[in-house]
Structure formats: structure tokens, C-alpha cells
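One letter stands for each residue in the lines below.
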Amino acid sequence: MKTNLIVIGKTSNKHLAELVEDYYGRISHYMPFRITYLQDSRRNKVSREQQKEQEADAILQCIEKNDHVVLLDERGKMMTSTEMASWIDKKKHSGRNLTLVIGGPYGFAQRVYDRADEMISLSKMTFSHDMARLLITEQIYRACTILRGESYHHE
């Protein structure tokens, strides 16, 4: 299984970008992992709906037919770190690639929701997109260490 993280725009905070890259490197020691940065449509000076549609075009082009697509969305399922590790382990044995998607500032166009297999939420709190990238990469790394029985995670 390959795990893909699709995000809109580059991480604007250089300190957070460095941390995301650090976790990217760590995750890559455990499993095939890729981050795809798509163009931020805000530069096009279009309406919110047009922005979501432009982002949907780009997101859907990055998704393969057989991918298990998971949107990071405030209405998604919340999990503990241990539950996420178990969830990733099940996905790993499904034979499908796992594609996680963090949308733009206005969320997703309906057709992206329609393509998704499920949604997860990082918290009931709201985070910047830059922070969401850091949190999901850290949690993927934590899940990898839990699955390997390493000491990064303490219960």
C-alpha cells in the first residue's frame, strides 16, 4: 500500500514546513509515502465556489481509480492515535492505496465528497491548513511506530 497526502498550496510557515518534511522523512522509513502539493486557487481571484471547483479538478486528477480516498473534514470520524494505527493497518491490508486529502480554505466541492470513501477529523477544534498538515503527518508517523511496537507512543 502506498499512502498519499494531497494538500492545497505550499506550507506558508517555514518552521511548520520543516516539521512536515521531518515527519515525511520518518514515515518514508516505514511505508511508501508521498505528499502532493496542488496550486492554491486563491491566486486566481475567483469566487469561493469557483475556487472549490478548480481545486476539485486538481484533487481528482491526483486520485487513482482504486484509491481509498479519505478527506480530512470537521465532520469526519475522530480517532485516538491507537485507533488510527489500527485503521491504517486495516487499510494496508486492503490492497488499495490510501489517499488522504486536505482541502483548501473553503472545503471541498461536492464531487470530491462524492468520490471520498470516508472522512476523518483531527479534532473538534479548528486548525490552520499548515497545522493540519503537521498534525496528520505526525499521526501517521505515530501510527507507524505503534504498529511496530516502538516506544514513540506511550500509553
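Please refer to the structure higher up on the page.
Each chain has its residues counted from 1, following the order in which its sequence is written. The predicted origin of the model limits local features to residues at a pLDDT of at least 70 and limits the giving and counting of side-chain atom pairs to 80 or more, whereas totals for whole chains, interfaces and linings rest on all residues. Side-chain descriptors were evaluated using all non-hydrogen atoms of the structure, hydrogens and water having been removed beforehand.

A. Geometry of the sheet that holds strand β5 (residues 118-120). DSSP-based pairing: two strands are paired if at least 2 bridges between them are found. Each helix is a run of H or I in the DSSP string that is no shorter than four residues. Each strand is a run of E no shorter than two, and both are numbered from the N terminus. Read from one edge of the open sheet, five strands run β2-β1-β4-β3-β5, paired in parallel fashion. Strands at the two margins of the open sheet, each flanked by one partner only, are β2 (33-38) and β5. Across the sheet, the axes of successive neighbouring strands diverge by a mean angle of 30 degrees, strand direction being ignored. Two strands pair when backbone bridges link them, and strand β3 (residues 68-77) and strand β4 (residues 98-102) are joined in this way by four bridges, in the parallel orientation. For V70, the partnering residue across the bridge sits in β4 and is L100. Whether two residues are in contact is decided by their heavy atoms: any pair within 4.5 Å suffices. Axis lines are fitted through C-alpha atoms, for helices just across the contact stretch, and the angle between N-to-C directions can take any value from 0 to 180 degrees. Along the sheet face, helix α3 (residues 81-92) touches β3, β4 and β5 and points at about 155 degrees away from the line of β5. Each of β1 (3-8), β2, β3, β4 and β5 touches helix α5 (residues 129-148); the most contacted strand, β4, lies at about 155 degrees to it.

B. Structural detail: the nonpolar core. In this text, buried Ala, Val, Leu, Ile, Met, Phe, Trp, Tyr and Cys residues form a nonpolar core when linked through side-chain atoms within 4.5 Å. In this scheme, a residue with accessible area under 20% of its type's maximum is buried, one over 50% is exposed, and one in between is partly exposed, where area comes from a 1.4 Å probe on protein chains only. Within the largest apolar cluster, 26 residues are counted, with the highest numbers of intra-cluster contacts made by L5, W87, L100, I120, I136 and I140. Only β1, α1 (14-28), β2, β3, α3, β4 and α5 provide two or more residues apiece to this core. The dominant element in this core, judged by the number of residues it contributes, is α5, at seven residues. Non-local contacts of W87, meaning those with residues more than four positions away in its chain, are made with V70, M79, L98, L100, E118 and I120. In terms of nonpolar packing, the next biggest core, distinct from the first, is built from 13 residues, I8, A56, I59 and V69 among them.

C. Structural detail: the packing of aromatic side chains. The criterion for an aromatic pair is that two Phe, Tyr or Trp rings (for Trp, the six-membered ring) have centres within 6.5 Å, with stacked assigned to planes under 30 degrees apart, edge-to-face to planes over 60 apart and tilted to the rest. All chains considered together, the criterion is met by four aromatic pairs. Note on Y23 and Y141: the rings are 5.7 Å apart at their centroids and 50 degrees apart in plane angle, and the pair reads as tilted. Separated by 118 residues along the polypeptide, Y23 in helix α1 and Y141 in helix α5 bring together distant segments of the chain. You'll find Y23 and Y141 in the same group, each marked buried. Taken together, the ring pairs in this structure connect Y23, Y30 and Y141 into an aromatic cluster. In this analysis the charged atom, NZ for Lys or CZ for Arg, is taken to sit over a ring once it is within 6 Å of the ring centre and within 35 degrees of the ring normal. Note that R26 overlies the ring of Y141, its terminal NZ or CZ placed 5.1 Å from the centroid.

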